[in-house]
Amino acid sequence: MATSRRFTGYPRAREGPQTASTKDEESNPVLRGWPLVLASNLVTRLPFLAKSVWTNAHFGEIKDIPGLEQYDYHFNPIVTPLAADNNATATQDIASENFPRQPADLTGRLYSATDYHELYKSGKLTPIDVVKALIPLISRDESGKYVSAWSETRVEAVLAAAEASTERYSQGKPLGVLDGVPFGVKEDTPVEGYTCFYGQRPDPSDPAFVPSTKTVWPVAQMQAAGAIVVGTLAMHELGSDVTGCNPRRGSPKNWYNTSYYTGGSSSGAGSALSAGLIPIAIGTDAGGSIRVPSSFCGAFGLKPTLHRTHTMKSSICVTGPLAATAADLTIAYRVMTAPNPDDPVQSSFAPSIPPSPTAKKTIGICQEWVARASPEVREAMTKAVAYFKDKLDYEVVDIQIPYLRMGQLAHSAWALSEGLDHLRSRLKDRAFSTVNHTNRVLLSAAGHTGAGDMIKYAQMRAVLMEHLAFLFQKYPGLLIVTPTVPEAGWEIHPGDEAYGFSDGNKTIRMMMYIWLANSTGCPAVSAPVGYAEPKQGVGKLPIGLMAMGEWGAEEQLLSWAAEVETYLNDTVGRERSKDWADVVQLAAESA
């Protein structure tokens, strides 16, 4: 049964080959401390060593897979859902009455945009009260407790926005549910007046690092709705890994357990949400960079369809929201995806339409894939899926996905190649002198990806997209469900803040599930589903569950995330981090 929606760029539906499951262990050396420093200096000076790193990562083996020549090159997986004639101008409502406040006595309750909105309307608090309570906690100038999550805070601009919002509320004319709500933006995303540092620590005189003169569309839409950018958020340098470890700028803290990383590369966003500082953050995701920190930090994160929020110079990277609640994730997504008249790709997307309440609900599980997760993660997923099946009438079907390992390696090589190109485009001949030791190793290796390899990666992408189209047409409304990451967290190793570290084997493992949505352009959402006991430190570790849907199925994914939230609240019991900041109380005390 074919999908009833219309698309441009939709791949032909063709079942992929039956490939044998492989659990090959990667053989990338773990480098930290002085061995990492030595390796980074050698690979940048000796091309044959960089080539050996590339070869050892198996990036050259995709071209030898038989049968790829039968597929077209798919360099950019742009699949655009088109509006039907009867809803060409439809938009989704973000009125506060459609997003009611959670019960006051709910265990582990977190503040939402609606909470702030109702407090402002009642006069109990003002946006000025809230930002004045936040600034001492997040400003690098004031060395606040939670400053590790933040890159910059322009205090005067924050206060000006808060004053304007407060005035609108005093006149009874707020712009909507987001008016006066604080949020942060990842530091690789242009915001007027803020510098995109990309997790780097450049020389202050470097002309490549200057304040942006224009705010990118999805962030500008949040601001147009009255939301207040209280600062830009720190990130893993260049977004090149999923830990959040940043030895040059300092690593953001995971406030659920500070002996574990936040995940990355939107590490500051994860940290800020885990601390309760903001209800919404804006991140980017080329290889799980929204979803991994969401999972590690107990938040919700949406990776939209490629180019859904705005068109980026990437075939794998998107801009999307992270949030404390499923409702706020939905609100942010709907605001961010307003059509941009200056972006012909983004503006051609059909408005998002929530699924019909009577639509059949189907979860697809690739058992051999899920089986590779840790026991505690598998257990959390099994319990949640049983709830969806027994309580919410989901049908659960077994599915197969070809080339799980080789497809992931193709994505990894592609992501590193894009990262190298972006770095060189920005910094020219200064590129390698400005990055940390780990990135020198990674990007030196990336430079050995050839045109022939990229062609084969593009054909591998075609295999996967056509197979997904086959599954989506066989099971209309299918959600492919996996853990977000196979482990509940990534332990911090003593001494890694000095030079960073490279553990390619663990990185590949942690990205086991998230890469497919980036490679094929499909949307995916991560939602907290449980907690695990830690192996070190104090504090339970959040576990994330992920669903990937058909191109343009964001509203279906958001509805699923809301169902997961109900399961978490009512069955598991949501937990706040041990260092959660009660921003509302702090604001009230200082008002």
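### Some remarks on the overall build of the chain
- Summing up its helical and strand segments, the chain has 19 helices and 15 strands in all.
- The globule rule puts the C-alpha radius of gyration for 591 residues at 25 Å, and the 23 Å found for the chain is close to it.
- Projecting the C-alpha coordinates of the chain onto the three principal axes gives extents of approximately 65 × 55 × 50 Å.
- Put simply, the chain has 591 residues, and 61% of those count as buried.
- Pairs at least 24 residues apart make up 80% of the contacts formed inside the chain by residues separated by at least 6 positions.
- Approximately 22100 Å² of the chain is accessible, and the part contributed by carbon and sulfur atoms is 53%.
- Distance from the positive charge centre (53 side chains) to the negative charge centre (61 side chains) of the chain: 2 Å.

### Description of the pattern of salt bridges
- Per the stated rule, a full pass over the model turns up 21 salt bridges.
- Across the pair Arg-101 and Asp-115 runs a salt bridge whose closest N-O atoms are separated by 2.7 Å. Residue Arg-101 is located in the loop between strand E3 (80–82) and helix H3 (113–122), and its partner Asp-115 is located in helix H3; the two are separated by 14 residues in the primary sequence.
- Note that Glu-575 and Lys-540 form a salt bridge whose closest N and O atoms lie 3.5 Å from each other. Of the two residues, Glu-575 is situated in the loop between helix H18 (554–572) and helix H19 (583–590) and Lys-540 in the loop between strand E14 (524–532) and strand E15 (541–548); the sequence distance between them amounts to 35 residues.
- For Lys-540, a relative accessible area of 35% puts it in the partly exposed group.
- Each of Arg-12, Arg-14 and Glu-466 takes part in salt bridges that share partners, so that together they form one network.

### Some words on the pairing of strand E5 (residues 182–186)
- Within E5, 5 of the 5 residues are buried, which leaves the element mostly enclosed by the surrounding structure.
- On E5, burial covers both faces: Pro-182, Gly-184 and Lys-186 on one face and Phe-183 and Val-185 on the other are all buried.
- Where E5 lies against strand E6 (residues 228–233), 5 bridges are found, and the strand directions are parallel. In the sheet register, Lys-186 faces E6, and the bridge partner there is Leu-233.
- As a crossover connection, the stretch from E5 through helix H6 (residues 217–224) into E6 is right-handed.
- Bridge count for E5 against strand E7 (residues 280–285) is 3 bridges, and the pairing is parallel. Paired with Val-185 across the strands is Ile-282, a residue of E7.

### What to know about the packing of helix H11 (residues 375–392) against H18
- The geometry of H11 relative to H18 is characterised by a closest axis approach of 11 Å and an angle of 105° between their N-to-C directions. Compared by their axis directions, H11 and H18 come out roughly perpendicular. Contacts between H11 and H18 pair Ala-380, Lys-383, Ala-384, Tyr-387, Phe-388 and Leu-392 from the former with Trp-560, Glu-563, Val-564, Thr-566, Tyr-567 and Thr-571 from the latter.
- The residue makeup of the contact of H11 with H18, split by class, is 8 nonpolar, 2 polar and 2 charged.

### A look at the sheet that holds E6
- Here we have 11 strands laid out as an open sheet, ordered E4-E6-E5-E7-E9-E8-E14-E15-E12-E10-E11, and mixed in their pairing. Every interior strand has two partners, whereas the edge strands, strand E4 (150–152) and strand E11 (395–398), have only one. When the angles between neighbouring strand axes are averaged without regard to direction, this sheet yields 35°.
- Relative to the sheet, H6 contacts E5, E6, E7 and strand E9 (318–323), its axis offset from that of E5 by approximately 170°.

### Things to note about a nonpolar patch on the surface
- On the surface, Leu-38, Leu-42, Leu-46 and Phe-48 cluster together to form a nonpolar patch covering roughly 380 Å² of accessible area.
- What makes Leu-42 partly exposed here is its relative accessible area of 34%.

### Comments concerning the packing of aromatic side chains
- Tallied over the full model, the rule gives 21 aromatic pairs.
- In textbook terms, an aromatic cluster arises when at least three aromatic residues are bridged by ring pairs, as seen for Tyr-111, Tyr-116, Tyr-120, Tyr-169 and Trp-580.
- Above the face of the Tyr-194 ring, Arg-154 is positioned so that its terminal group lies 5.6 Å from the ring centre.
- Across the ring face of Trp-414, the terminal group of Arg-461 is positioned such that the distance to the ring centre comes to 4.4 Å.

### Focus on the pairing of E6
- Counting buried positions over the 6 residues of E6 gives 6, a clear majority of the element.
- Looking at chain direction, E4 and E6 are connected through 2 bridges and run antiparallel. For Glu-152, the partnering residue across the bridge sits in E6 and is Thr-232.

Procedures and definitions
Residues numbered from 1 in each chain as written. Predicted model: local features only at pLDDT ≥ 70, side-chain atom pairs only at ≥ 80, totals over all residues. Heavy atoms only, no water. Helix = DSSP H or I, 4+ residues; strand = E, 2+ residues; numbered from the N terminus. Rg over C-alpha atoms; globule rule 2.2 N^0.38 Å. Buried < 20%, exposed > 50% of the residue type's maximum accessible area, 1.4 Å probe, protein only. Contact = heavy atoms within 4.5 Å. Areas by Shrake-Rupley, 256 points an atom, 1.4 Å probe, with all protein chains shown as cover. Lys, Arg positive; Asp, Glu negative; His and termini not counted. Charge placed at Lys NZ, Arg CZ, Asp CG, Glu CD. Salt bridge = Lys/Arg side-chain N within 4 Å of Asp/Glu carboxyl O. Pairing = 2+ DSSP bridges. Right-handed = clockwise from strand over helix to strand, strands pointing away. Axes fitted to C-alpha atoms, helices over the stretch in contact; angles between N-to-C directions. Parallel < 35°, antiparallel > 145°, perpendicular 65-115°, else oblique. Nonpolar A, V, L, I, M, F, W, Y, C, P; charged D, E, K, R; others polar. Patch = residues over 30% accessible without salt bridge, like charges linked within 9 Å, V, L, I, M, F, W, Y side chains within 5 Å. Phe/Tyr/Trp six-rings, centres within 6.5 Å; stacked < 30°, edge-to-face > 60°. Lys NZ or Arg CZ within 6 Å of the ring centre and 35° of its normal.

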